[in-house]
Amino acid sequence: FFIAAIFFFRTYLLSRNFFFLFLCVIFVLGAGEELSWGQRIFNLKTPDFLNEINEQGEINFHNISLVNAKSKHGVAKLLTIEFQYKLFWLFYCVILPFGVFVMESLSLLTQKIKLPVPPITLGIFFLINWTIFRVTSSFLLPPNMSIPYYGGINELRECVSAFLFMMLSIYFFNSIIGRSHVYTTLKDPEL
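The sections below set out a description of the structure shown in this document. (Residues numbered from 1 in each chain as written. Predicted model: local features only at pLDDT ≥ 70, side-chain atom pairs only at ≥ 80, totals over all residues. Heavy atoms only, no water.)

Moving on: the packing of aromatic side chains. Applying the stated criterion across every chain, the model contains 17 aromatic pairs. An aromatic cluster of at least three residues, connected via ring pairs, comprises Phe1, Phe8, Phe20, Phe27, Tyr85, Phe88, Trp89, Tyr92, Phe126, Phe165, Tyr171 and Phe172. The ring of tyrosine 12 is capped by arginine 16, whose NZ or CZ atom sits 5.4 Å from the centre of that ring. Residue placement shows arginine 157 over the ring face of phenylalanine 133; its charged tip is 5.0 Å from the ring centre. (Phe/Tyr/Trp six-rings, centres within 6.5 Å; stacked < 30°, edge-to-face > 60°. Lys NZ or Arg CZ within 6 Å of the ring centre and 35° of its normal.)

Right, let's get into helix 1 (residues 2–15). Each α-helix turn comprises 3.6 residues. Residues three or four places apart therefore point the same way. Along its 14 residues, helix 1 runs 20 Å from first to last C-alpha, staying within 8% of the 20 Å computed at 1.5 Å per residue. Of all the residues in helix 1, the buried ones are Ala4, Ala5, Phe7, Phe8, Thr11 and Tyr12. Seen end-on, helix 1 carries its buried residues on one side only, within an arc spanning 165°. Just downstream of helix 1, arginine 16 is the residue with a positive phi angle, here 60°. (Helix = DSSP H or I, 4+ residues; strand = E, 2+ residues; numbered from the N terminus. Expected span 1.5 Å × (residues − 1). Buried < 20%, exposed > 50% of the residue type's maximum accessible area, 1.4 Å probe, protein only. Arc of directions from axis to C-beta.)

With that settled, the discussion passes to the nonpolar core. Judged by nonpolar contacts, the single largest core of 21 residues is most densely connected at Phe8, Phe20, Phe27, Tyr92, Phe126, Phe165 and Leu168. Elements supplying a minimum of two residues to this core: helix 1, helix 2 (18–34), helix 5 (81–102), helix 7 (120–140) and helix 8 (147–187). Broken down by element, this core gets its largest block of residues, six residues, from helix 5. Setting aside its immediate chain neighbours within four residues, phenylalanine 8 contacts Phe20, Leu23, Cys24, Phe27, Phe165, Leu168, Ser169 and Phe172. (Core = buried A, V, L, I, M, F, W, Y, C linked by side-chain atoms within 4.5 Å. Contact = heavy atoms within 4.5 Å.)

Next up on the list: helix 2. Taking 1.5 Å per residue, 17 residues should reach 24 Å; helix 2 reaches 24 Å between its end C-alpha atoms and fits that length. All buried positions along helix 2 are accounted for by Phe20, Leu23, Cys24, Phe27, Gly30, Ala31, Gly32 and Glu33. Structurally, the start of helix 2 carries an N-cap: the backbone nitrogen of phenylalanine 19 is 2.9 Å from a side-chain oxygen of asparagine 17. Of the residues trailing helix 2, serine 36 is marked for its positive phi of about 50°. (Polar contact = N/O pair within 3.5 Å; in protein donor to acceptor, adjacent residues only side chain to side chain.)

This is the structure:
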């Protein structure tokens, strides 16, 4: 997530497209949350008020009981950070690119507001990652194991998801670099 944030920020600096700055902020927050804001790195103690409401006793928001997915069902699960993250990648990396591909009006709208659209192939990898997680956790892992045993497959899914967002950030960065190279080449009178 942090590498993705760096590339999104560099892309923002080159393009001045605020969507890239927004993505940078999102992934800085994601990286901070995943690292519990450096709690183990800096050997920080969890404040008492946070320790009481955080399911893992860490300095982060996504493990607070109110928004953590553990033991949530029905409508309450829709308000969890994990579900919101799934909605984000599903809409931004799968539905939006497919919609742009099949609907000219959506394509024109994204161009008009300068919304960067991920390549549809990347969305396919997000779906494959999620499908492998669901199949593995539902059908392939043996029953009656400890909770950390099942958590490993979820951590692997998160890691692959972060890698895919890193690839997306590099894709956008390279796209902007390529466009600026073409633009400067066209402006050069000697070429």
